[in-house]
Amino acid sequence: MQVGIDKIGFFTPNKYVDMVDLANARGEDPNKFLIGIGQKEMAVADATQDAVSMGINATMQYLDKIEKDKVGLLVFGTESGVDQSKSASLFVKSALKLKPEVRAFEVKEACFGLTAALMIARDFVRVHPDQTAIVIGSDIARYGVNTPGEVTQGAGAISLLVKKDPAILSLNDGHSAYSEDINDFWRPNNSKVAMVDGKYSTQVYLDFFTNTFEGYKKQKNWNTRDFNAILYHLPFTKQGLKANRLAIADQDEATVKRLEDSFEASKQLSMRVGNIYTASLYMSLLSLLENKQLEPNSLVGMFSYGSGAMAEFFSGNIADGYEKEVNVNKTNEMLDGRTQLSVDEYEKIFNDALIDPIDGQELTSDEKSGVWYFAGTQNHIRQYRQK
Ligand code: CAA
């Protein structure tokens with residue numbers, strides 16, 4: 001039985017900063033951000049968008065196309081959780097009006113969270129083939145104004161429906177995992193912004209890539225040339241470019257071209273959204289599907305990395321007719337419809353969003369009609385509303 005990704009929903013908030021403006025404001029050469037880091041625009045979440053609201057909004061993109069009563073599992077992976085106890089899944093379940101019998105919980109391991117959720121969902125559907133699972137990755141990457149990590153911030157969510165006989169990507173058996181207790185990136189409970197050993201984190205990412213990619217090829221008895229595309233967790237696109245260069249070193253010309261072309265297609269959304277932690281790898285998948293024509297059964301390798309650190313390499317095969325499940329115009333409409341912020345406006349919105357609203361204060365959203373948002377707390381209970 002084939003099990004895998006049947007639907008993909010994507011959401012990013014309605015504001016962004018241009019990287020040339022940010023570079024000028026920080027006294028950097030714009031090419032450092034555009035080429036050296038590989039980012040063009042950065043999504044900015046105001047106080048009314050959080051991991052939960054973005055996760056709901058991503059799932060709403062496909063909710064009317066699925067059989068809701070078949071959803072038996074709802075797992076939410078996030079680094080930007082909104083409660084120390086209650087899972088983000090329960091807020092989402094309520095907004096989506098899923099049945100009470102759904103198993104709903106949250107998982108955490110930095111940017112690895114959505115992969116953990118996907119693997120749990122794959123196994124769940126294998127055991128319960130008549131049920132489906134929704135898995136969500138949703139995050140706001142925050143390092144702080146005027147920090148080296150600032151250019152690698154972002155905000156957004158991906159929601160996946162996992163089922164048997166999937167319409168987009170069937171997941172292959174096996175995986176190559178690797179974990180180590182290290183301190184490359186972390187966020188203490190009392191901090192709204194991440195702490196990071198930036199240069200170290202970029203090197204560990206590459207070491208974990210080599211380890212899991214080589215381990216996976218050995219396990220499956222496959223070669224690099226067998227892959228039609230390799231997708232990466234993209235904290236910023238240059239990081240994925242460096243991993244892809246490792247993957248294609250010493251390969252034949254056709255393999256190099258194929259994997260360079262597919263990487264180019266897979267980084268388009270990340271360049272305009274920035275890092276969305278748990279969902280970044282899956283935004284690369286959406287970007288590939290929207291920007292490249294793939295043959296049915298194409299083999300797609302996937303590298304997931306979560307600081308702290310945990311990495312996994314796995315793969316899937318593209319389903320025949322996957323094109324019907326993606327809509328590049330809808331994605332472009334969301335991105336092109338955003339408001340461009342000046343750096344001053346971004347700084348104010350960013351810093352305001354770090355402060356929790358006073359209990360009882362009603363927040364209003366400037367997102368378009370139909371979009372869910374965080375409306376503040378009532379008796380310290382988070383309120384989510386739809387415009
Ligand atoms: N034109 C073109 N390129 C330029 C340039 C110019 N004018 N000026 C500089 N560059 C290049 C540099 O040569 C460098 O390229 P290489 O990496 O190929 O050497 C690149 O721009 C970046 O320059 P620096 O290394 O000097 O940049 P920095 O010191 O400002 O920091 C960073 C970069 C470490 C990535 C920092 O942004 C950061 O800490 N980011 C957050 C951490 C992060 O994203 N880590 C990724 C791995 S961890 C992970 O993946 C989990 C996660 O999501 C967080």
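Above this text is the structure in question.
Worth saying up front: this structure is predicted, and the values here are computed from it rather than measured.

1. Concerning the packing of aromatic side chains
Reasoning step 1: The full count for this structure, using the stated rule, is 21 aromatic pairs.
Reasoning step 2: Each ring, one from phenylalanine 208 and one from tyrosine 305, has its centre 5.7 Å from the other, and the planes form 90°; the classification is edge-to-face. Taken together, the positions of phenylalanine 208 in helix H6 (residues 198-220) and tyrosine 305 in strand S13 (residues 299-306) put the pair 97 residues apart, joining distant regions of the chain.
Reasoning step 3: By relative accessible area, tyrosine 305 is classed as buried at 3%.
Reasoning step 4: Over the aromatic face of phenylalanine 91 sits the side chain of lysine 86, whose NZ or CZ is 4.2 Å from the ring centroid.
Reasoning step 5: Positioned above the aromatic ring of phenylalanine 374 is the side chain of arginine 382, whose terminal nitrogen or guanidinium carbon lies 3.9 Å from the ring centre.

2. Let's talk about helix H4 (residues 88-96)
Reasoning step 1: Among the 9 residues in H4, 7 count as buried, and that is most of the element.
Reasoning step 2: Taken as a whole, H4 has its buried residues at Ala88, Ser89, Phe91, Val92, Lys93, Ala95 and Leu96.

3. Some details on the site of the ligand
Reasoning step 1: Taken together, 26 residues lie around the ligand, and Lys32, Pro148, Ser201, His233 and Lys242 are the ones closest in.
Reasoning step 2: Within the contact set of the ligand, an oxygen atom lies 2.8 Å away from a side-chain nitrogen or oxygen of histidine 233.
Reasoning step 3: Against a free-state accessible area of 1100 Å², the protein chains account for coverage of 73% of the ligand.
Reasoning step 4: Those elements that provide at least two residues to the shell around the ligand are helix H2 (30-37), H6 and helix H7 (237-248).
Reasoning step 5: With 5 residues, the top contributor of residues to the shell around the ligand is H6.
Reasoning step 6: Residues belonging to the shell around the ligand are distributed by class as follows: 11 nonpolar, 10 polar and 5 charged.
Reasoning step 7: Looking at which domains feed residues into the shell around the ligand, each of domain 1 (3-170 + 326-386) and domain 2 (173-322) gives three or more.

Calculation criteria
Residues numbered from 1 in each chain as written. Predicted model: local features only at pLDDT ≥ 70, side-chain atom pairs only at ≥ 80, totals over all residues. Heavy atoms only, no water. Phe/Tyr/Trp six-rings, centres within 6.5 Å; stacked < 30°, edge-to-face > 60°. Helix = DSSP H or I, 4+ residues; strand = E, 2+ residues; numbered from the N terminus. Buried < 20%, exposed > 50% of the residue type's maximum accessible area, 1.4 Å probe, protein only. Lys NZ or Arg CZ within 6 Å of the ring centre and 35° of its normal. Near = heavy atom within 4 Å. Polar contact = N/O pair within 3.5 Å; in protein donor to acceptor, adjacent residues only side chain to side chain. Areas by Shrake-Rupley, 256 points an atom, 1.4 Å probe, with all protein chains shown as cover. Nonpolar A, V, L, I, M, F, W, Y, C, P; charged D, E, K, R; others polar. Domains from an automatic or database assignment.

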